[in-house]
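As a plain string of letters, each chain reads:
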Amino acid sequence: MELVTVGTGTVAPSGSRTSACHWVGRGNLKILLDCGAGALHRLAQFGLPWHQITHVVLSHFHPDHWGELPMLVYALKYTTVPARQEPFVILGPPGVVRLLKKLADGYGPWLLDPGFPIGILDVQGGEPFPLDKDVSLETFPVPHTQESVALSLTAPEGRLVYTGDTGPSSKLARWAAGADLLLAECSLPAELAMEMHLTPEQAGDLAREAAARRLVLTHFYPPVENSDPAGKAGARFTGPVTAARDGDRFTIGGR
Ligand SMILES: [Zn+2]
Ligand SMILES: [Zn+2]
C-alpha cells in the first residue's frame, strides 16, 4: 500500500498545507481518506491519478474533512474523457448518507446521480468492510465529535491506521495496536492542548501505547508547525516519526 499525504493542514488557510486529505493506492484501489478543501488541485499537482479514485472515506463531518467532495464528483462528471463508467463509493460513519442527501438538496441531483454509478454507505463500527479481495476498512469511534471515527485499512502486507481528528484515547490505542503505519492528527502544541485534539506528545504516546511501527503526523494548525512536532512526539515513541508535508509518500509493507 502506498500513502500520500495530500493535505496535512486543517481549516486554517495555509499556503503550504491544504485541508485534510490522504491518498492510499494499492492495485486498482485508489482511496481518499478525507477530502478537504484544496484536495483536487493538490492531487493534480502531485500527479496522482485522481480520475481513477474508487473510494472516498470520511472520518467525520467537519468541513475541513469533506468540503471538496462535491467538487470531486463534479470534476469526475465533467472532466473525465471518455465519460466515467466505473462506480464511485463514498463511505463514512453513520450519517454520511444523510450528509450527501442534504448536500444534494443544495448542489443539485447530480451529486447523487453524476452519470456514473455512485454508492454511499454508512459503515458500522467494528465490522470489517471489504474494499476488494485483499483490503478491508474498519472504523472505530474516537473522542472528537459525536460521529467521529478513526479509519484503518488492512492488507496482507500491513495495516494503516488514520486517527482522523481525535482527542487522547486509550481505547483508540488498543484498537490501533500493531499498526504498521499510524497516521495521527497533531493539531496543537501542548500549551494549546484541547480534549478533542492531540498534541505532538499525545500523538507520540498513542504510537507508543499502540506499539505502532511508524508514526506519521498530519493535521497541523499553524501554532504547532514550527514547534518541532516530530521531535516532541519522538521523545515519547522510539520508532520513526515524520511530520508529513503535503505530497510526502510512504509505503506500508513490502510493496
Ligand atoms: Zn480537522
Ligand atoms: Zn474535526
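Everything that follows concerns the structure shown earlier in this document.
Along each chain, the written sequence defines residue order, and numbers are assigned to residues from 1. Following the order in which they are written, the chains are lettered starting with A and the ligands numbered starting with 1. For a predicted model such as this one, the threshold for reporting local features is a pLDDT of at least 70, and the threshold for listing and counting side-chain atom pairs is 80 or more; totals across whole chains, interfaces and linings nevertheless cover every residue. As a rule here, side-chain values cover all heavy atoms of the structure and leave hydrogens and water aside.

## Some words on the overall build of the protein
What counts as a helix is a DSSP run of H or I of at least four residues, what counts as a strand is a run of E of at least two, and both are numbered from the N terminus. What the protein contains, in helices and strands, is eight helices and 14 strands. Values of the radius of gyration come from C-alpha atoms, whereas the globule rule sets the reference at 2.2 Å times the count of residues to the power 0.38. A globule of 255 residues ought to have a C-alpha radius of gyration of about 18 Å, and the protein, at 17 Å, matches this closely. The dimensions of the protein, computed from C-alpha atoms along their principal axes, are 50 × 40 × 35 Å. Partly exposed residues are those whose accessible area sits between 20% and 50% of the maximum for their type, while under 20% is buried and over 50% is exposed, using a 1.4 Å probe and protein chains only. In the protein, buried positions account for 57% of the 255 residues.

## As for the environment of Gln124
Within the secondary structure layout, Gln124 lies in the loop between β6 (118-122) and β7 (129-130). It is 23 Å that separates the C-alpha atoms of Gln124 and Arg26, two residues lying 98 residues apart in sequence. In this description, contact between two residues means that some pair of their heavy atoms is separated by no more than 4.5 Å. Ignoring any residue separated from it by four or fewer positions in sequence, one finds Gln124 in contact with Pro94 and Thr139.

## Details of the coordination of the zinc ion (ligand 2)
Under perfect tetrahedral coordination by four donors, a metal shows angles of 109.5 degrees; under perfect octahedral coordination by six donors, it shows angles of 90 or 180 degrees. Listed as protein donors to the zinc ion (ligand 2) are His60 (NE2), His62 (ND1), His144 (NE2) and Asp165 (OD); their distances from the metal cover 2.2 to 2.3 Å. Any N, O or S atom lying within 2.8 Å of the metal counts as a donor, with the limit raised to 3.2 Å for Na, K and Ca; because water is left out of the atom set, some sites can appear incomplete. Square planar and octahedral assignments, for four and six donors respectively, both demand that opposite donors be over 155 degrees apart and that all other angles lie between 65 and 115; tetrahedral needs four donors with all angles between 85 and 135 degrees, and anything else is irregular. Around the zinc ion (ligand 2) sit four donor atoms; with metal-centred angles ranging over 92 to 164°, the donor geometry is irregular. Taken as a pair, the zinc ion (ligand 2) and the zinc ion (ligand 1) show a spacing of 3.5 Å, with Asp165 coordinating each metal. Here the residue His60 occupies a position in the loop between β4 (55-57) and α2 (63-66), and Asp165 occupies one in the loop between β10 (158-162) and α5 (170-175), the gap between them amounting to 105 residues. Each member of the pair, His60 as well as Asp165, is classed as buried.

## Observations regarding the nonpolar core
The nonpolar core is taken to be a set of buried Ala, Val, Leu, Ile, Met, Phe, Trp, Tyr and Cys residues, with the residues joined through side-chain atoms within 4.5 Å. Within the largest apolar cluster, 32 residues are counted, with the highest numbers of intra-cluster contacts made by Leu32, Ile53, Val56, Leu69, Leu72, Phe88 and Leu100. Apart from the residues within four sequence positions on either side, Leu32 is in contact with Cys21, His22, Trp23, Leu43, Ile53, His55, Val56, Val57 and Leu72. Counting 26 residues, the second largest nonpolar core, distinct from the first, contains Ala20, Val24, Leu91 and Val216.

## A few points about the coordination of the zinc ion (ligand 1)
Only Asp64 (OD), His65 (NE2), Asp165 (OD) and His219 (NE2) from the protein coordinate the zinc ion (ligand 1), and they sit 2.1 to 2.3 Å from it. The site at the zinc ion (ligand 1) holds four donor atoms, and with the angles between them running 89 to 162°, its shape is irregular.

## Description of the side chain of Ser227
As for its position among the elements, Ser227 is in the loop between α7 (222-225) and α8 (229-234). Within polar-contact distance, the side chain of Ser227 engages the backbone oxygen of Val224 at 2.7 Å. Residue contacts for Ser227: discarding those within four places in its chain leaves Pro189 and Lys232. Side-chain atoms alone can form a polar contact between residues adjacent in sequence; in general such a contact is a pair of N or O atoms within 3.5 Å, and within protein one must be able to donate a hydrogen while the other accepts it.

## Considering the state of the cysteines
Working definition: a disulfide is two cysteine sulfur atoms within 2.5 Å of each other. Enumeration over the complete set of coordinates arrives at zero disulfides. Cys35 provides the cysteine sulfur closest to Cys21, a residue in no disulfide bond, and the two sulfurs are 5.3 Å apart.

## Brief notes about helix α4 (residues 96-107)
For α4, which comprises 12 residues, the first-to-last C-alpha distance of 16 Å matches the rise-based estimate of 16 Å (1.5 Å per residue) to within 8%. Every buried residue belonging to α4 is among Val96, Leu99, Leu100, Leu103 and Ala104, and all of these are buried. On an axial view of α4, the arc spanned by its buried residues comes to 135°, and they lie on one face. Residues of α4 that are exposed and angled more than 90 degrees away from the buried face: Arg98, Lys102 and Asp105. In this fold, the buried residues of α4 make contact with α2, α3 (69-79), β5 (88-92) and β6. Two residues or fewer after α4 comes Gly108, characterised by a positive phi angle close to 125°. Here the expected span of a helix is defined as 1.5 Å times the quantity of residues minus one. Throughout, the arc means the angular range of directions from the helix axis out to the C-beta atoms.

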